[in-house]
Amino acid sequence: MNASAAARRPSNDAATALTHVELTWLEKRIEHWIRFGRIAEEKILDRRRRIVSFAPGGVFAFVRWASNDFGTIISRIDIVRAIAPGEPYATLPFVRPGGEILLRINGWPKVDQALQAIDAVEVCGVDPADAAPDHWRHVHNRLTASEQPRPYTLARHKAWLLRRSVAP
């Protein structure tokens, strides 16, 4: 390709910077959904599948549930920070290219506790996507150890906002 053809080709930098998540919904079989997060783009593939995209730095919760004739076979929630190009990341199923995993919980009882922790953040008036990433790591660690996580408070949120404003 010559330089003039490359100059005419539209740049896809904005699209390649996004983190894409494939969502599937087969009633009572496979259910993937976003619990929270700011969706930058959405593409509907068909009645049962769509792809949502998140801007770099965006935090989102991705819930996966599947069952068969004998009951639930998987329950999982991941709270992920979308990465910018060039940043290191961990891979996740249905997430391209991947992200920084803040929380990863398996098994419905613990997934339910994680969903309750998300609800508690919303009750205190904070969008869970804006909560401190350290809080989601804390929730992950506590639930993994079968302990109750500390609640997220407005004071903790204000401290996070101050810390973020002075960080380079």
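Reference entry: report on the structure contained in this document. Remember, predicted model here, so these are calculated numbers, not experimental data.

### Regarding helix α3 (residues 108-123)
Next, step 1: With 16 residues, α3 ought to run about 22 Å at 1.5 Å a step, and its terminal C-alpha atoms sit 22 Å apart, in line with that.
Next, step 2: Among all positions in α3, only V111, A114, L115, A117, I118 and V121 are buried. Seen along its axis, α3 keeps its buried residues to an arc of 150°; they face one direction. Among the exposed residues of α3, those oriented more than 90 degrees off its buried face are P109 and V123.
Next, step 3: In this structure, the buried residues of α3 make contact with β2 (30-36), β5 (59-68), β6 (71-82), β8 (95-106) and α4 (133-144).
Next, step 4: Within two residues after α3, G125 carries a phi angle of roughly 90°, on the positive side.

### Things to note about unusual backbone geometry
Of all residues except glycine, most have a negative phi; of all peptide bonds, most are trans.
Next, step 1: In this structure, the amide linkage connecting R96 to the following residue, P97, adopts the cis form with an omega of 0°.
Next, step 2: Despite not being glycine, K28 shows a phi value in the positive range, around 60°.
Next, step 3: Inspection of the secondary structure puts K28 in the loop between β1 (19-26) and β2.
Next, step 4: Given the relative accessible area of 61%, K28 is considered exposed.

### Overview of the environment of N106
Next, step 1: Position of N106 relative to the elements: it lies in strand β8.
Next, step 2: Overall, the relative accessible area of 42% leaves N106 in the partly exposed class.
Next, step 3: N106 sits 28 residues away from D78 along the chain, and the two C-alpha atoms are 8.9 Å apart.
Next, step 4: At a separation of 2.3 Å, a polar atom in the side chain of N106 contacts the side chain of R76.

### Digging into the packing of aromatic side chains
Next, step 1: On inspection of all chains with the given rule, the structure shows 3 aromatic pairs.
Next, step 2: Between F54 and F60, the aromatic rings sit 4.1 Å apart at their centres with planes inclined by 10°, giving stacked as the arrangement. Neither F54 nor F60 differs from the other in exposure class; each is buried.

### Let's talk about the pattern of salt bridges
Next, step 1: Taken as a whole, this structure holds 15 salt bridges when the rule is applied.
Next, step 2: The partner of R35 in a salt bridge is D119, and the shortest N-O contact between them spans 2.6 Å. Taken together, the residues span a long stretch of sequence, with R35 in strand β2 and D119 in helix α3 at a distance of 84 residues.
Next, step 3: For R35, a relative accessible area of 23% puts it in the partly exposed group.
Next, step 4: Close ionic contact of R38 with D130 constitutes a salt bridge, the shortest N to O distance being 2.7 Å. Note that R38 is positioned in the loop between β2 and β3 (41-44) and D130 in the loop between α3 and α4, a separation of 92 residues in sequence.

### Digging into the packing of α3 against α4
Next, step 1: For the pair α3 and α4, the least separation of the axes is 11 Å and the interaxial angle reads 150°. Judged by the twist between their axes, the crossing of α3 over α4 is right-handed. The segment α3 lies against α4, with K110, Q113, A114, A117, I118 and V121 engaging H135, W136, V139, L143 and T144.
Next, step 2: Its residues assigned to classes, the contact of α3 with α4 shows 7 nonpolar, 3 polar and 1 charged.

### A word on the side chain of H32
Next, step 1: In this structure, H32 sits in strand β2.
Next, step 2: You can call H32 buried: its relative accessible area is 8%.
Next, step 3: Once residues lying within four places of it in the same chain are set aside, the contact partners of H32 are E22, L23, T24, F62, V63, R64, W65 and F94.

Basis of the calculations
Residues numbered from 1 in each chain as written. Predicted model: local features only at pLDDT ≥ 70, side-chain atom pairs only at ≥ 80, totals over all residues. Heavy atoms only, no water. Helix = DSSP H or I, 4+ residues; strand = E, 2+ residues; numbered from the N terminus. Expected span 1.5 Å × (residues − 1). Buried < 20%, exposed > 50% of the residue type's maximum accessible area, 1.4 Å probe, protein only. Arc of directions from axis to C-beta. Contact = heavy atoms within 4.5 Å. Polar contact = N/O pair within 3.5 Å; in protein donor to acceptor, adjacent residues only side chain to side chain. Phe/Tyr/Trp six-rings, centres within 6.5 Å; stacked < 30°, edge-to-face > 60°. Salt bridge = Lys/Arg side-chain N within 4 Å of Asp/Glu carboxyl O. Axes fitted to C-alpha atoms, helices over the stretch in contact; angles between N-to-C directions. Left-handed = near helix turned anticlockwise from the far one by under 90°. Nonpolar A, V, L, I, M, F, W, Y, C, P; charged D, E, K, R; others polar.

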